[in-house]
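Descriptive analysis of the structure
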Amino acid sequence: MRWRTRVSVLIAALAAAQATSAATIDVNGTMRSYTVQLPAKRPAPLVVVLHGKTQRGADMITRTAWPQVAKREGLAVAFPDGLNHAWADARTKAGPELRGPPPGTDDVAFIAKLVEHLVADGTADAKRVYVAGVSNGGAMAMTLVCARADLFVAGASVIMNLTEETAVTCHPSRPLPMLIMNGTADPLIPYGGGRGSSYFAADGFWSTEETLAFWRKLNGCEAADADATDMPDKSPDDRSTVTRITSRCPDGHDVVLYRINGGGHRMPGFAPDARFPRVATGLLGPQNGDIDGAETIWAFFSRFH
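Everything in this summary refers to the structure shown in the same document. Keep in mind it's a predicted model, so treat the numbers as computed, not measured. (Residues numbered from 1 in each chain as written. Predicted model: local features only at pLDDT ≥ 70, side-chain atom pairs only at ≥ 80, totals over all residues. Heavy atoms only, no water.)

Relative to each other, helix 4 (residues 107-120) and helix 5 (residues 136-147) sit at 75°, their axes nearing to 10 Å. Compared by their axis directions, helix 4 and helix 5 come out roughly perpendicular. Listed contacts from helix 5 to Asp107, Val108 and Ile111 of helix 4 are Met140, Thr143, Leu144 and Ala147. Of the residues that constitute the contact of helix 4 with helix 5, the class distribution is 5 nonpolar, 1 polar and 1 charged. (Axes fitted to C-alpha atoms, helices over the stretch in contact; angles between N-to-C directions. Helix = DSSP H or I, 4+ residues; strand = E, 2+ residues; numbered from the N terminus. Parallel < 35°, antiparallel > 145°, perpendicular 65-115°, else oblique. Contact = heavy atoms within 4.5 Å. Nonpolar A, V, L, I, M, F, W, Y, C, P; charged D, E, K, R; others polar.)

Structure representation (structure tokens):
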């Protein structure tokens, strides 16, 4: 009865999303839009959730479990909107396949100003601010950890790998815990690196192993895996499974990989992540239903403050 679970999760998400506030903020003369799910008690932990390319913040509200996680845990969650439905992450040489925001867009400044605004108005606890993103939003989350580690406590990147350019420009002011969640059958962001099989794929991605090794080195962790745990296959019909790979790191510098075995360019979840799931499966590969991306990320984030 998986469909009943998905319907109930969607209904819960829509109900939780009713407690949201849409607003704009001026960033270098450009009005930028965002939506915030407000907590009952403030200041509260804040999670900044970054959508993928072609999406908007609203998609993260209706197609992920972040709204009900926020309501249950008493979080503030910000869902900002990228210009042209994309983020200006550190990949300036991505090419036409990854056409992004207008030239000169400074999304690091946008997210930093948004965080500072939500701290200043009493919504967010400055000591408990986290950033998570999916696809292009995952690249932006890594860019923010690299550029403004002072603002965040931990980061998470879903279905994205580093490139040489993003790696060499990454100089965080301090190590931050990092969660990575990638699918081995992703046609856009290849698990093994290089160029994906999709017509829309760009070239030049590092492998997930290289991306994991980068964060481990940056955080002072040992190079080898600490442990690899196969998660329960709760949804055998999704054609994918999950392995959690941990690292031996100094306290508070944790690096964790959730490898979605057979998973596509999709965020794992108990609810559909696309308006037309069958079409999405054909274009992007399977969505895993053994774990929920938002639930898993918050379980990781909640350990750090």
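This is not the end of the story, as more comes after the structure.
Turning our attention to the pattern of salt bridges. Opposite charge on two side chains permits them to pair, given that their charged atoms come into close proximity. Across all of its chains, the model carries 11 salt bridges by this definition. The partner of Arg32 in a salt bridge is Asp107, and the shortest N-O contact between them spans 2.9 Å. Placement of the pair is Arg32 in strand 2 (residues 30-37) and Asp107 in helix 4, with a sequence separation of 75 residues. What makes Arg32 buried here is its relative accessible area of 3%. Judged by relative accessible area, which is 1%, Asp107 ranks as buried. Note that Arg148 is salt-bridged to Glu116, the shortest N-O span being 3.8 Å. Of this pair, Arg148 sits in the loop between helix 5 and strand 6 (154-158) while Glu116 sits in helix 4; the two residues are 32 residues apart in sequence, bridging distant segments of the chain. On the basis of relative accessibility, which here comes to 23%, the residue Arg148 falls in the partly exposed class. You can call Glu116 partly exposed: its relative accessible area is 41%. (Salt bridge = Lys/Arg side-chain N within 4 Å of Asp/Glu carboxyl O. Buried < 20%, exposed > 50% of the residue type's maximum accessible area, 1.4 Å probe, protein only.)

Reported here for the largest pocket is a volume of approximately 1,100 Å³. Lining the largest pocket are 40 residues; nearest its centre among them are Lys53, Thr54, Leu188, His265 and Leu284. Going through the elements one at a time, helix 2 (57-62) and helix 8 (277-284) are the ones with two or more residues in the lining of the largest pocket. The biggest single contributor to the lining of the largest pocket is helix 8, with 4 residues. Taken together, the residues of the lining of the largest pocket sort by class into 20 nonpolar, 11 polar and 9 charged. (1 Å grid on protein atoms, 1.4 Å probe; cavity = no way out; pocket = protein on both sides within 12 Å on 5 of 7 lines; lining within 4 Å. Points joined across faces, edges and corners; volume = space filled by probe spheres on them.)

Judged by nonpolar contacts, the single largest core of 51 residues is most densely connected at Leu46, Leu50, Ile111, Phe152 and Trp215. The contact partners of Trp215, leaving out residues within four places of it in the chain, are Met142, Val145, Cys146, Leu162, Cys170, Met178, Ile180 and Val255. Of all hydrophobic cores here, the second largest spans 34 residues; its members include Val47, Ile61, Leu179 and Tyr258. (Core = buried A, V, L, I, M, F, W, Y, C linked by side-chain atoms within 4.5 Å.)

Right, let's get into helix 4. Compared with an ideal rise of 1.5 Å per residue, which puts 14 residues at 20 Å, helix 4 spans 20 Å between its outermost C-alpha atoms and is within 8% of the ideal. Every buried residue of helix 4 is accounted for by Asp107, Val108, Phe110, Ile111, Ala112, Leu114, Val115 and Leu118. Elements that come into contact with the buried residues of helix 4 comprise strand 1 (20-27), strand 2, strand 3 (44-50), strand 4 (76-80), strand 5 (124-134) and helix 5. A side-chain oxygen of the first residue of helix 4 lies 3.3 Å from the backbone nitrogen of Val108; this N-cap is Asp106. Once helix 4 ends, the next one or two residues include Gly122, with phi positive near 90°. (Expected span 1.5 Å × (residues − 1). Polar contact = N/O pair within 3.5 Å; in protein donor to acceptor, adjacent residues only side chain to side chain.)

If you trace the 10 strands from one edge of the open sheet to the other, you get 1-2-4-3-5-6-7-10-9-8, paired in mixed fashion. Because the sheet does not close on itself, it has two edges, and the strands there are strand 1 and strand 8 (225-230). Across this sheet, the average inter-strand angle for adjacent strands is 20°, counted without regard to direction. Here strand 8 runs beside strand 9 (residues 241-247); their pairing, made up of 5 bridges, is antiparallel. Looking at the pairing, Ala228 lines up with Ile245 of strand 9. (Pairing = 2+ DSSP bridges.)

A cis geometry characterises the amide bond from Arg42 onward to Pro43, with omega recorded as -5°. Within the fold, Pro43 resides in the loop between strand 2 and strand 3. Even without glycine at this site, Asn28 takes up a positive phi of about 55°. Mapped onto the secondary structure, Asn28 falls in the loop between strand 1 and strand 2. Unusually for a residue other than glycine, Thr54 sits at a positive phi of about 75°. With respect to the helices and strands, Thr54 occurs in the loop between strand 3 and helix 2.

Together, Phe276, Val279 and Leu283 line one region of the surface with nonpolar side chains, adding up to about 330 Å² of accessible area. Following the sequence through the fold, Phe276 ends up in the loop between strand 10 (255-261) and helix 8. (Patch = residues over 30% accessible without salt bridge, like charges linked within 9 Å, V, L, I, M, F, W, Y side chains within 5 Å. Areas by Shrake-Rupley, 256 points an atom, 1.4 Å probe, with all protein chains shown as cover.)

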